[in-house]
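# Structural characterization, general
If you want the building blocks of each chain, they are given just below.
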Amino acid sequence: MPHDHHDDDHAHALLPPDPALRVKALETILTEKGLIDPAALDEIIDTYENRIGPRNGAHVVARAWSDPAFRTALLEDATAVVSELGYYGRQGEHMVAVENTDDVHNMVVCTLCSCYPWPLLGIPPGWYKSDAYRARAVREPRKVLADFGVTLPKDTAVRVWDSTAEVRYLVIPQRPAGTEGMDEAALMDLVTRDSMIGTGLALKP
Amino acid sequence: MTRVHDMGGRYGDGAVIPEPETEVFHADWHPRALAVTLACGSLGQWNIDTSRHARERLAPMDYAAFSYYEKWMAGLADMLVDKGVLTPEELASGHAAGSSPLADRKMTADAVAGVLARGGPADRPAQIAVAFSAGDKVRTRRHAHNAFVDGGHTRLPDYAAGSVGRIVRLHGHHVLPDAAAHGLGDRPEPLYAVAFAASELWARPEHPRDEVVLDLWQSYLEPAS
């Protein structure tokens, strides 16, 4: 069997060790080489800093809460449904929506790297990428939930989704009591990013 | 034996620290690192599996010490040299020695929106028959290893190796990362969501009804009773 021969050559060590200088050096070399365009970098950053974020996911959840036909379609084929709202894209090519109920609480992790549904939730938060979350979420999800101040009823099962492939999961949190009659925009404000990862619950009105 | 990135179930990492939704990047260089990496993807010299493996094969000491975007930068630099896009001399000097023949593939500012919106779907036309259906019991490979390359990339985490689970659903036929990361082609296989009882995976599960669901390729699985 061939061996992965790359283990000994780590070219990155040739760059400055300080991360800010390391990025700067790579950007300089690649720009001089004609391989990257600094204006394109600005455009990518603006996209993830200002245009794509968890309000997209909140829109999907609020609509699922308000529109039963939409909810059914979302649970059936999330990729098609979120695409229609314009939320298809990089790291969201294969979407599955999972719904929290009294019986089961869903929570999403990527233990092997930090896979995350970018078009719906934006760039993953620091804790999602942390060793602590990646290591612990699968073995002791309830203790991790406690770190977020969340305690589940004792009969509720936890189902943790480890994103090991290119499928990305969106948690549909439970709709809070006392929200009857609220419109989609008002409901969106109750849907936190963490509630769509499963480390939080939707806010109470 | 897998690599240092395969940390699911590990002990000793401490608390998870929540943060507000408004914090997207934590240092000025983070967005640059993200953008440089995405822009280089357009050069077409690697796929997502290659780039994951580049981060995973960092020395364990580096992997543990580097923050998320430091891993990205190190993996990117290693791939750029490995694929012959940059030379070690260029990395060491901090400057390019001439322009690149790949320059015509450079991602331009007006192409960014389209590239991000198109993404890179991993599903492919079916080439092999679907072996399992929802409810079937399956056992994962005893060792979380790459079947083609010793020490190569795989998406079966060690904590779920040799375990019995239940097929939840078929996602379709997806590129096999174990092959694609090593230039061995897409080799698409049926990809399933497979549920494992927490008690199958852990010595002390938190709750008798808890489950962990993983997305696993057909060749990782065999029938179980």
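Here the structure is a predicted model, which is why all the values come from computation and not from measurement. (Residues numbered from 1 in each chain as written. Chains lettered and ligands numbered in written order. Predicted model: local features only at pLDDT ≥ 70, side-chain atom pairs only at ≥ 80, totals over all residues. Heavy atoms only, no water.)

### Observations concerning the overall build of chain B
From N to C terminus, chain B includes eight helices and five strands. Counted from the first residue to the last, chain B has its helices and strands arranged as α-α-α-α-α-α-β-β-α-β-α-β-β. Viewed in the frame of its principal axes, chain B has a C-alpha envelope of about 60 × 45 × 35 Å. Residue burial in chain B is summarised as follows: out of 225 residues, 52% are buried. (Helix = DSSP H or I, 4+ residues; strand = E, 2+ residues; numbered from the N terminus. Buried < 20%, exposed > 50% of the residue type's maximum accessible area, 1.4 Å probe, protein only.)

### Remarks on the interface of chain B and chain A
Taken together, the contact between chain B and chain A spans 110 residues of the former and 93 residues of the latter. Taken together, the two surfaces of chain B and chain A that pack against each other cover about 8800 Å², and 60% of this comes from carbon and sulfur. Taking the shortest distance from any N to any O, the salt bridge between Glu27 of chain A and Arg32 of chain B comes out at 2.7 Å. Put simply, chain B and chain A have 44 residue pairs in polar contact (both at pLDDT 80 or more) between them. For the side of chain B that touches chain A, the element with the most residues is helix H4 (residues 68–82) of chain B, which contributes twelve residues. Of the residues that constitute the side of chain B that touches chain A, the class distribution is 62 nonpolar, 22 polar and 26 charged. Where strand S3 (residues 157–162) of chain A meets strand S4 (residues 211–217) of chain B, four bridges bridge the pair, whose relative direction is parallel. Along S4 of chain B, the bridge assignment pairs Trp161 of chain A with Val213 of chain B. (Contact = heavy atoms within 4.5 Å. Buried area = accessible area lost by both parts, 1.4 Å probe. Salt bridge = Lys/Arg side-chain N within 4 Å of Asp/Glu carboxyl O. Polar contact = N/O pair within 3.5 Å; in protein donor to acceptor, adjacent residues only side chain to side chain. Nonpolar A, V, L, I, M, F, W, Y, C, P; charged D, E, K, R; others polar. Pairing = 2+ DSSP bridges.)

### Some words on the domain arrangement of chain B
Residue and element names in this part refer to chain B. Domain annotation for chain B reports domain 1 (29–118) and domain 2 (137–223). Spacing between the C-alpha centres of domain 1 and domain 2 amounts to 28 Å. Across the boundary between the two partners, domain 1 contributes six residues, which contact nine residues of domain 2. Considering only the surface of domain 1 that becomes buried against domain 2, Asp49, Arg52 and His53 emerge as the three largest contributors, covering 71% of it. Connecting domain 1 to domain 2 are zero salt bridges. Inspection of the region where domain 1 meets domain 2 yields two residue pairs in polar contact (both at pLDDT 80 or more). Split by residue class, the side of domain 1 that touches domain 2 holds no nonpolar, three polar and three charged. (Domains from an automatic or database assignment.)

### Notes on the pattern of salt bridges
Tallied over the entire structure, the rule returns 24 salt bridges over all chains. Glu166 of chain A is the salt-bridge partner of Arg168 of chain A, the closest N and O atoms lying 3.0 Å from each other. Classification of Arg168 of chain A by relative accessible area gives buried; the value is 1%. Note that Glu211 of chain B and Arg166 of chain B form a salt bridge whose closest N and O atoms lie 2.9 Å from each other. With Glu211 of chain B in strand S4 and Arg166 of chain B in strand S2 (residues 164–174), this pair connects stretches of sequence that are 45 residues apart. Accessibility expressed as a relative area gives 15% for Glu211 of chain B, which makes it buried. Each of Arg136, Arg139, Glu140, Lys143 and Asp147 of chain A takes part in one network of salt bridges that share partners.

### Looking at the nonpolar core
Core analysis: the largest hydrophobic core is formed by 123 residues, its most contacted members being Leu26, Leu74 and Tyr133 of chain A. Looking at which element gives the most residues to this core, the answer is H4 of chain B, with nine residues. Counting residues in each nonpolar core, the second largest holds six residues, with Ala135 of chain A together with Met7, Leu58 and Tyr63 of chain B among its members. (Core = buried A, V, L, I, M, F, W, Y, C linked by side-chain atoms within 4.5 Å.)

### With respect to the packing of helix H1 (residues 19–32) of chain A against H4 of chain B
Where H1 of chain A contacts H4 of chain B, the two axes come as close as 10 Å, and the packing angle between them is 35°. By crossing handedness, the relation of H1 of chain A to H4 of chain B is classed as left-handed. Along its contact with H1 of chain A, which presents Pro19, Arg22, Val23, Leu26 and Leu30 of chain A, the element H4 of chain B presents Glu70, Met73, Ala74, Leu76, Ala77 and Leu80 of chain B. Here the residues of the contact of H1 of chain A with H4 of chain B are counted per class, giving nine nonpolar, no polar and two charged. (Axes fitted to C-alpha atoms, helices over the stretch in contact; angles between N-to-C directions. Left-handed = near helix turned anticlockwise from the far one by under 90°.)

### Notes on the packing of aromatic side chains
Considering all chains together, one arrives at 15 aromatic pairs over all chains under this definition. Ring-pair connections join several aromatic residues into one group, and the members of that group are Tyr48 and Trp118 of chain A together with Phe25, Tyr68, Tyr69 and Trp72 of chain B. A cation sits over an aromatic face here: Arg139 of chain A above Tyr11 of chain B, 3.5 Å from the ring centre. The side chain of Lys71 of chain B reaches across the aromatic face of Tyr63 of chain B, ending 4.6 Å from its centre. (Phe/Tyr/Trp six-rings, centres within 6.5 Å; stacked < 30°, edge-to-face > 60°. Lys NZ or Arg CZ within 6 Å of the ring centre and 35° of its normal.)

### Some words on the pairing of S2 of chain B
Residues and elements named next belong to chain B. Bridge analysis of strand S1 (residues 137–140) against S2 gives three bridges, and the strand direction is antiparallel. Across the sheet, Val138 pairs through a bridge with Gly165, a residue of S2. Taken together, the seven bridges between S2 and strand S3 (residues 189–197) define a ladder with antiparallel strand orientation. In the sheet register, Ile167 faces S3, and the bridge partner there is Val194.

### Section: the sheet that holds S1 of chain B
Reading across from one edge, S2(A)-S3(A)-S4(B)-S3(B)-S2(B)-S1(B)-S5(B) is the order of the seven strands in this open sheet, with mixed pairing throughout. Strand pairing shows two members of the sheet lacking a second neighbour, strand S2 (104–109) of chain A together with strand S5 (221–223) of chain B, which therefore form its edges. Going from strand to strand, the sheet's axes swing by 35° on average, the running direction of each strand aside. Relative to S5 of chain B, S1 of chain B is paired through three bridges, and the arrangement is antiparallel. Within the sheet, the bridge partner assigned to Arg139 of chain B lies in S5 of chain B and is Glu222 of chain B.

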